[in-house]
Structures are given as structure tokens and as C-alpha cells.
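Commentary on secondary and tertiary structure
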Amino acid sequence: MNANARAEVVECLCELGSPEFQERVWVRGEGPEVSTYTEVICQLFDDTGLGDMLDSGAASIEFGPQAEASLLTLRSLLSQVPEGVDARSLFGLPIWRAVVEAARTSAVLVASG
């Protein structure tokens, strides 16, 4: 993974780890950023290639085993978010707090790895 893709992964994780950002950008549509829950998930796992890295085990080599474990936990939590849920409803999901915490932990581990 190149440095730009790694930075994009960290940026996406920071977005998922910030309820303040989510409320401001996803719910209220205030910029200058433009993003949605669906966009950040696609960007994180598809556009960066992170999903394939997690599937193949390459994330452990790229980021280290702790980061890989944290990213796998995050992906598992995100898989429990109902499809098509609107941004405001995300905050009311019992699992959302765990998603935010896993994203924060993953961001720190990926950035330092």
C-alpha cells in the first residue's frame, strides 16, 4: 500500500471515529467536507484495497498484527449495521458506540504502524 492509500485509510478511520464530524457532515450536510456513511465505507474498504488486504492477511504485514485485529473487529462491527440506514439513525444503534471506538483504535494503530 502506498503512502497516499495509507493516509486515506487513516482519514476514513478518523471520520468513522468522530461522532462530531458525522453529525456535522453526514447529518447536517455542513462542509467544507462532503461525505456520507456509505461513501466512507466504500472508500475505506474498496477504494484503498483494505478489504482485500484483510481477506488475504496482507494487512498484518502492512500494518502489524494489532492493527489487523482492530481492523477486522471494526469490519465485523460494521457488518452488523443494517443496510440503508440513514445517518441520523446510526447514532441510535446499540452497536454504533463500539464502531466509533474501534475506528479510533484502528486509526491510531494504522497511523503508527
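Residues numbered from 1 in each chain as written. Predicted model: local features only at pLDDT ≥ 70, side-chain atom pairs only at ≥ 80, totals over all residues. Heavy atoms only, no water.

Turning next to the nonpolar core. Core analysis: the largest hydrophobic core is formed by 34 residues, its most contacted members being Leu-16, Trp-26, Leu-44, Leu-74, Leu-78 and Trp-96. Mapped onto this core, the elements with two or more residues apiece are α1 (3-16), α2 (19-27), α3 (37-47), α4 (50-56), α5 (58-63), α6 (65-78), α7 (87-90) and α8 (96-112). Apart from the residues within four sequence positions on either side, Leu-78 is in contact with Leu-16, Tyr-37, Ile-41, Phe-45, Trp-96 and Val-99. (Core = buried A, V, L, I, M, F, W, Y, C linked by side-chain atoms within 4.5 Å. Buried < 20%, exposed > 50% of the residue type's maximum accessible area, 1.4 Å probe, protein only. Helix = DSSP H or I, 4+ residues; strand = E, 2+ residues; numbered from the N terminus. Contact = heavy atoms within 4.5 Å.)

What follows deals with the packing of α2 against α8. At a minimum axis separation of 11 Å, α2 and α8 run at an interaxial angle of 110 degrees. With respect to their mutual orientation, α2 and α8 come out roughly perpendicular. Here α2 contributes Pro-19, Gln-22 and Trp-26 to the contact with α8, which in turn contributes Trp-96, Arg-97, Val-100 and Arg-104. Residues that form the contact of α2 with α8 fall into these classes: 4 nonpolar, 1 polar and 2 charged. (Axes fitted to C-alpha atoms, helices over the stretch in contact; angles between N-to-C directions. Parallel < 35°, antiparallel > 145°, perpendicular 65-115°, else oblique. Nonpolar A, V, L, I, M, F, W, Y, C, P; charged D, E, K, R; others polar.)

Time to look at the confidence of the model for the protein. For the protein, mean pLDDT is 95; residues scoring 70 or higher make up 100% of the total. The least confident element of the protein is α7, whose mean pLDDT is 92; the most confident is α6, at 98. (pLDDT = per-residue confidence, 0-100.)

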